[in-house]
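# Summary of structural features
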Amino acid sequence: MSVDDATVRKIARLARIEIHEDKVTKMANELNGILNWIEMLNEVDVNGVEPMASAVAIALPMRDDAVTDGNIQSSILKNAPKADSGFFVVPKSVE
Amino acid sequence: MTQTSVPAYTAFKTARPDQWVKSVTGDWEIIVGMEVHAQVSAKSKLFSGASAAYGGDPNSHVAMVDAGMPGMLPVINKFVVEQAVKTGLGLGAKINLWSRFDRKNYFYPDLPQGYQISQYLYPIIGEGSLEVASEDGSMIMVGIERIHLEQDAGKSIHDLDPNSTYVDLNRSGCALMEIVSKPDIRSADEAANYFKNLRALVRYLETCDGNMDEGSMRADVNVSVRRPGGELGTRCEIKNVNSTKFVGMAVNYEARRQIEILEDGGTIDQETRLFDVKTGQTRTMRSKEDAHDYRYFPDPDLLPLILDEAWVENIRANLPELPAAMKARFQSQYGLSAYDADVLVADKEFAAFYEEVAKGRDAKIANSWMTVELFGWLNKNGKELSQSPIGAAALGGLVGLITDGTINGKIAKDVFAKMIETGDEAAVIVEREGLKQTTDTGAIEASIDALMATNPEKVAEAREKPKMLGWWVGQVMKATGGKANPAIVNEILKGKLGID
Amino acid sequence: MTKLTELNLHQALSGLAAGDFTSTELTQSYLNSIEAQNASLNAYLVVTGDKALEMARASDARRAVGNAGALEGIPLGIKDLFCTKGVRTTAASKILGEFAPEYESSVTTNLWRDGAVMLGKLNLDEFAMGSSNETSAFGNVTNPWKRKGSNVALTPGGSSGGSAAAVAAHMCLGATATDTGGSIRQPAAFTGTVGIKPTYGRCSRYGIVAFASSLDQAGPIARNVKDSAIMLQSMMGHDAKDSTSLNVAVPDLVAAMAKGVKGMKIGIPKEYRVDGMPEEIENLWQQGIAWLKDAGAEIVDISLPHTKYALPAYYIVAPAEASSNLARYDGMRFGARVEGVDLTDTYEKSRATGFGEEVKRRILIGTYVLSAGYYDAYYLRAQKVRARILEDFTNAWTKCDAILTPTAPSAAFGLGEKSDDPIKMYLNDVFTVTANLAGLPAISIPAALDVDGLPLGLQIIGKALDEETVYSVASVMEQAANFSARP
């Protein structure tokens, strides 16, 4: 599995990171370097092995249904690049 | 919930011929599957302690978690999990004691974390089913594929400013159950009834308030068409349809649109469409410029959701009576028809109202007074049952007076009108206005004798044409001010006129 | 009286308790030390002097009324990955802009509860992604240690480079740090300090800027094992705000230090050797084995056969989680926004401008390995390899109580020496990353100087939740090594 320039552009778009055209090939090479190294995992026999998602082997703890948070509009908006009338203001996005 | 009288789900069964859409080039059948988002009736959000209440100042029902602030972590609401289990049990579905939350990654300003926490591979609820009426009155079984829990997104408001979008995160993180049906629906009516019954069910269970104006329930409707029994067509998904009526309209419009395209030799693009309530049409959503690749993976901030079997069984043991069971009971206990029972159990509130009206009274009279007279008046006046000027106890009082023969049906209509007008109880009105039915045979006989004496030609006529009896009954009722018991009048008249 | 900054943490606690000096005086001497050294070391990104003195005065007042906590009056540095209420928090990234959280991390909340004083926020690799502190958007940290007879600036390691350098240079009495693949232990080894990553779930992750959620764990960097134990004990504890926090009692780690290792079985994994590892590290390892033997431990050879697959598995799991964790840095609700022509352009410009090269590289790797068609081949396989690595340890625990290894395959290296080769840089974590994947506690203690006069560390890995054994072994090693060198 090797990453070409088109793939770099595609994943950069998925990740919403602009990559200048003159850097695409360099990034593809870097990613391929890392991915080639990672290929070594194919040597491991993983037949019948359950994937391990967490180092914690307990069930999900649950909380009671109570309103214990919120009503902190000014704190929520405090660090906003743009806010108005209690709303976050972001670039126009119409579907 | 076991249903043995109706056919079980079969993959892509063919629609009944009466459901086919007739067209010049031949018949088509409609295949529908639905994904219904039902907001769980909880005080707080799925993963935060902020209020899940509708409305509020913008960004006031928001915790740092809901705003996707750095270092904030989700902690699940146990009540929400319980409601999902309850809903699953109500649908006779498999409860998965092990389920998991995954992240669905995409960028949008009303999705603060940059991902939605959902259950992709391992949902909390597996397969179940819901019985739904078809347009010919028969019942069909719609399979439930799964129910999973997920976070709602915030709200983007595009019309407050010409150059910017305003974002309110009050909805962000509210708990949704996504109830996914199998593609078992074959007509607009079935689709609408499925949505209606599902709403009734969650309202019975009190797991979702079913309030469609507030967006508590909304359906994504997948529609495709094919030649009967033929190759499946490409489906389109109609997003966020929020009423039973609109579900039906959307299916009809979309099916016709697809058939038209296919008959013109075109092809259907798999796409997401919107239902426009003003025009009754569906239209394409401006497609996002990129193909989706949500990069699902298990949310490392959460651990597997593991349910205790005894806990689930306890929920099962405490389930309320559900619409299907209640319908069967209404038929056997009250002797109602399937149709009448269906109308009454369609809403938890209707059923409860009815049971109070019918308590110790004639069940059929109770049904007709509630569904014909009261619903008729409410409809005409644009009111809901909850806004009815006559409560269940008061209507029961009126039905009681009819049942025990105190008043007859005709007088009852006047009493009903006066109840609405004055707010007084039926018995009070009857007493005050002297509307009690006359069962005094002597008085009735006297008034018949007087009428026979003044109308000898009609007496003769009636003896030849027994149909004249109706005229006589009318005259007697008129003479007694409508208070005579019609059954007694009939009987005495027959004897005196010599009609068998 | 000796210079106050010469006292270590537990000595300072005694001095404060005895009334030899006040927290205000102690804190002021650390502020002076920072003032004198930070320009050259760049360990602190923000020095909160006024806040520190205010906290110190409040601490003195508490002590005066006999209300002293376990860390009463102790000035600490905080890795700038921990959210601190009202104090700018950057994760050493430009993308957070002037972000000042409206909340406090649970770990720092615990420290303030116990009376500690915050001196400021410490530099790190951007979003904790790095092993040399060179990926910081605010410039690298310089190791206070230099090679004998050389003025070449060295890395303090990473990602907790600021924490390690500040502790080594006596710019604080101890520092918080985080460890996702070795980010506490490798810098501790490079700076002659003690760094522990406890069992995953011991320290709450609430309020710590997430890098890779299933691996991130907080811990202290301190001057010695006892200071480390005192700090960690304060930092740990169940937190209902973190679903992966373990609801278990906090052990008495200082008490555990006195237990010794007599009769204990120490495992020596044959796989913890890499090509090009200096002979002195191998020798030091043997020396460590000898020390433990002398103290009465039994040495057993063990095998952790999947060790070499740990790093590649880590470089799938960590970037995958990071690619998702870092999606929230989008310039919409906080942090820096670079306006573009439309929404997508604004996202892309904000993130391209805000993130540094290493962070972008990892986000792209993570995005790639999770994308359609590659998930099974990369992510799922990595998780299965992760299970194999845990299984290695589970098997080892049938033979031993703790495992001794070198911490890093080299001593501190020169700044810029490895920054052009990502994989060479990644290999720094070859001995530390296994404990993250398996969720195990592991400590690095300074054991000796190499031929250039630079510190080298040895690592002790323990069973899950068995920090007590880790500290028992560490204490014995510390006494045997008698490491007293200073930069």
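Just above sits the structure.
All figures in this text were calculated on a predicted structure; none of them were measured in a lab. (Residues numbered from 1 in each chain as written. Chains lettered and ligands numbered in written order. Predicted model: local features only at pLDDT ≥ 70, side-chain atom pairs only at ≥ 80, totals over all residues. Heavy atoms only, no water.)

### Let's talk about the overall build of chain C
Counted only if it meets this: Under the DSSP-based scheme used, a helix requires at least four consecutive residues in state H or I and a strand at least two consecutive residues in state E, with every element numbered from the N terminus. Only C-alpha atoms enter the radius of gyration; for comparison, a globular chain is expected to reach 2.2 Å times N to the power 0.38, where N is the number of residues. In what follows, residue pairs with any heavy atoms lying within 4.5 Å of each other are defined as contacts. Areas reported here follow the Shrake-Rupley algorithm with a probe of radius 1.4 Å; residue values treat only the protein chains shown as occluding.
Counting secondary structure elements, chain C contains 16 helices and eleven strands. Taken over the C-alpha trace, chain C has a radius of gyration of 21 Å; the compact-globule value for 487 residues is 23 Å, and the two agree within 12%. When the backbone C-alpha atoms are referred to their principal axes, chain C occupies close to 65 × 55 × 50 Å. Taking the contacts inside chain C whose residues are at least 6 apart along the sequence as the reference set, 76% of them involve residues at least 24 apart. A total accessible area of about 14,300 Å² is found for chain C, and carbon and sulfur atoms account for 50% of it.

### Remarks on the overall build of chain B
Operational definition: Partly exposed describes any residue whose relative accessible area lies between the buried limit of under 20% and the exposed limit of over 50%, with all areas from a 1.4 Å probe on protein chains only and scaled to the type maximum.
Counting its regular elements, chain B contains 15 helices and 17 strands. For 500 residues, the compact-globule formula gives about 23 Å, and the C-alpha radius of gyration of chain B, at 29 Å, lies well above that figure. Across its three principal directions, the C-alpha atoms of chain B cover 95 × 55 × 55 Å. For chain B, buried positions account for 54% of its 500 residues. Taking contacts inside chain B between residues at least 6 apart in sequence as the whole, the part at least 24 apart equals 69%.

### As for the pattern of salt bridges
Short version of the rule: The term salt bridge refers to a side-chain nitrogen of Lys or Arg lying within 4 Å of a carboxyl oxygen of Asp or Glu.
A complete count under the given rule lists 54 salt bridges over all chains for this structure. In this structure, B:Glu313 engages B:Arg316 in a salt bridge whose closest nitrogen and oxygen atoms are separated by 3.0 Å. Taken together, the positions of B:Glu313 and B:Arg316, both in helix α4 (residues 309-317) and three residues apart, correspond to about one turn of that helix. Take B:Glu313: its relative accessible area is 35%, and that puts it in the partly exposed class. For C:Lys121, the salt bridge goes to C:Asp80, with nearest N and O atoms at 2.7 Å. Within this pair, whereas C:Lys121 is found in strand β3 (residues 117-122), its partner C:Asp80 is found in the loop between β2 (75-79) and α4 (106-113), the two being separated by 41 residues in sequence. Accessibility classification places C:Lys121 together with C:Asp80 in one group, the buried group.

### Overview of the packing of helix α5 (residues 323-334) of chain B against helix α6 (residues 338-345) of chain B
All names here are of chain B. Quick reminder of the rule: Fitted lines through C-alpha atoms give the axes, limited to the stretch in contact for helices. The angle between two N-to-C directions lies from 0 to 180 degrees. Here the word oblique covers every angle except those under 35 degrees (roughly parallel), over 145 (roughly antiparallel) and from 65 to 115 (roughly perpendicular). Crossing handedness follows the turn of the near helix against the far one: under a right angle anticlockwise gives a left-handed crossing, and clockwise gives a right-handed one. The residue classification treats Ala, Val, Leu, Ile, Met, Phe, Trp, Tyr, Cys and Pro as nonpolar and Asp, Glu, Lys and Arg as charged. All others, Gly included, are polar.
It is at 9 Å that the axes of α5 and α6 come closest, and there the two elements cross at 135°. Taken together, the axes of α5 and α6 lie oblique to each other. For the pair α5 and α6, the sense of crossing is right-handed. Taking contact as the criterion, the partners of Pro323, Met326, Lys327, Phe330 and Gln331 in α5 are, on α6, Ala338, Ala341, Asp342, Leu344 and Val345. The residue inventory of the contact of α5 with α6, partitioned by class, reads seven nonpolar, one polar and two charged.

### Side note on the environment of A:Ala12
Here A:Ala12 shows up in helix α1 (residues 5-14). Looking at A:Ala12, the relative accessible area reads 4%, which means it is buried. Separated by twelve residues in sequence, A:Ala12 and A:Val24 place their C-alpha atoms 9.6 Å apart. Every residue in contact with A:Ala12, bar those within four places of it in the chain, is listed here: A:Ile17, A:Ile19 and C:Leu364.

### Looking at the nonpolar core
Inclusion rule: Among the buried residues, those of types Ala, Val, Leu, Ile, Met, Phe, Trp, Tyr and Cys that are joined through side-chain atoms within 4.5 Å form a nonpolar core.
Among the nonpolar cores identified, the biggest contains 206 residues, and C:Phe127, C:Phe393 and C:Leu404 are the most heavily contacted of them. Counting residues per element, this core draws most heavily on helix α10 (residues 307-325) of chain C, at eleven residues. Beyond its immediate sequence surroundings of up to four residues, C:Leu404 is in contact with C:Ile266, C:Gly267, C:Ile268, C:Pro269, C:Trp285, C:Gly288, C:Ile289, C:Leu292, C:Leu458, C:Gln459, C:Ile460 and C:Met477. Counting 111 residues, the second-largest nonpolar core is a separate cluster that includes B:Leu89, B:Cys208, B:Leu302 and B:Phe375.

### A short note on the interface of chain C and chain B
Think of interface size as the accessible area that goes away when the parts come together; that is how it is often given. In plain terms, the rule: By buried area we mean how much accessible surface two parts lose on assembly, using a 1.4 Å probe and totalling the loss over both. Whenever two N or O atoms come within 3.5 Å, that pair is a polar contact, provided that in protein one can donate a hydrogen and the other can accept it, and provided that, for residues adjacent in sequence, both atoms are side-chain atoms.
With 38 residues of chain C at the interface, the matching set in chain B holds 30 residues. Summing both sides of the interface, chain C and chain B together bury roughly 2,800 Å²; the carbon and sulfur share of this comes to 59%. On the chain C side of the contact with chain B, C:Ser243, C:Arg328 and C:Arg333 bury the most area, a combined 22% of that side's loss. Where chain C meets chain B, there are one salt bridge. Note that B:Asp301 is salt-bridged to C:Arg205, the shortest N-O span being 3.0 Å. Our count for the contact surface shared by chain C and chain B stands at 15 residue pairs in polar contact (both at pLDDT 80 or more). Secondary structure elements with two or more residues in the side of chain C that touches chain B: α10, α11 (343-354), α12 (357-370) and α13 (376-396) of chain C.

### A few points about α10(C)
All names here are of chain C. The test is simple: Expected span of a helix: the number of residues minus one, times 1.5 Å. What we call the bend at a residue is the angle made by axes fitted to the seven residues finishing there and the seven residues starting there.
Here α10 spans 27 Å end to end across 19 residues, near enough to the 27 Å set by a 1.5 Å rise per residue. Residue Ala313 marks the point of greatest curvature in α10, where the axis turns by about 30°. Burial analysis of α10 places 18 of its 19 residues in the buried class, which makes it a mostly covered element.

### Quick notes on the pairing of strand β10 (residues 442-449) of chain C
Residues and elements named next belong to chain C. Quick note on the threshold: Strands qualify as paired when DSSP identifies two bridges or more between them.
Burial analysis of β10 places six of its eight residues in the buried class, which makes it a mostly covered element. Across three bridges, the pairing between strand β5 (residues 194-197) and β10 is antiparallel. In the strand pairing of β10, Ile196 is matched with Ile443. Sheet topology note: the β10/strand β11 (residues 455-462) ladder contains seven bridges and is antiparallel. Looking at β11, one finds that Ile445 is bridged to Leu458.

### Here we look at the sheet that holds strand β6 (residues 115-118) of chain B
Residues and elements named next belong to chain B. Spatially, β6-β5-β16 is the arrangement adopted by the three strands of the open sheet, whose pairing is antiparallel. Pairing within the sheet leaves two strands with one partner each, and these edge strands are β6 and β16 (297-298). In the sheet, strand β5 (residues 102-105) pairs with β16 via two bridges, with the strands oriented antiparallel. Bridge pairing in β16 places Arg103 opposite Phe297.

### Digging into the layout of surface pockets
Selection criterion: In this analysis the probe radius is 1.4 Å and the grid spacing 1 Å, with only protein atoms considered; a cavity is a set of points the probe fits into but cannot get out of, a pocket is an open set with protein on both sides within 12 Å along at least five of seven lines, and lining residues have an atom within 4 Å of a point. Grid points are joined across faces, edges and corners, and a volume is the space filled by probe spheres set on the points.
Roughly 890 Å³ of volume is contained in the second largest pocket. Surrounding the second largest pocket, 38 residues form its lining, A:Pro51, A:Met52, A:Ala53, A:Ser54 and A:Val56 being those nearest its centre. With six residues, the top contributor of residues to the lining of the second largest pocket is α13(C).

### Section: the interface of chain A and chain C
At the junction of the two partners, chain A supplies 52 residues and chain C supplies 63 residues. Across the chain A to chain C interface the summed buried area is about 5,200 Å²; carbon plus sulfur atoms make up 70%. Summed over the shared surface of chain A and chain C, the number is five salt bridges. The partner of A:Arg13 in a salt bridge is C:Glu348, with the nearest N and O atoms 2.5 Å apart. Remark: the boundary between chain A and chain C carries 16 residue pairs in polar contact (both at pLDDT 80 or more). Elements with a minimum of two residues in the side of chain A that touches chain C: α1, α2 (21-38) and β3 (87-91) of chain A.

### Some remarks on the packing of aromatic side chains
Residues and elements named next belong to chain B. Note the following rule: Stacked, tilted and edge-to-face are the three classes applied to pairs of Phe, Tyr and Trp rings, where Trp contributes its six-membered ring and a pair requires centres within 6.5 Å; stacked means planes under 30 degrees apart, edge-to-face means over 60, and tilted covers the rest.
Applying the stated criterion across every chain yields a total of 31 aromatic pairs over all chains. Seen from their ring centres, Trp98 and Tyr122 are 5.3 Å apart, and the 90° between their planes marks the pair as edge-to-face. A residue pair is termed long-range when its members are at least 10 positions apart, and Trp98 in strand β4 (residues 98-99) and Tyr122 in the loop between β6 and β7 (128-133) qualify at 24 residues. Take Tyr122: its relative accessible area is 38%, and that puts it in the partly exposed class.

### Description of empty space enclosed by the protein
All names here are of chain B. Counted only if it meets this: Segmentation of the chain into domains, including their bounds, is taken from an automatic or database domain assignment.
Under the criterion given, the structure shown has ten cavities of 30 Å³ or more. Along the wall of the largest cavity there are 14 residues; nearest its centre are Glu131, Asn197, Pro323, Ala324 and Asp342. Of all the secondary structure elements, the ones that give two or more residues to the lining of the largest cavity are β7, α2 (188-205), α5 and α6. Per-element tally for the lining of the largest cavity: the top contributor is α2, with four residues. The residue makeup of the lining of the largest cavity, split by class, is nine nonpolar, one polar and four charged. A domain split of the lining of the largest cavity shows at least three residues from each of domain 1 (17-315) and domain 2 (321-433). Taken as a whole, the second largest cavity holds about 90 Å³ of empty space. In terms of residue class, the lining of the second largest cavity is built from five nonpolar, six polar and two charged.

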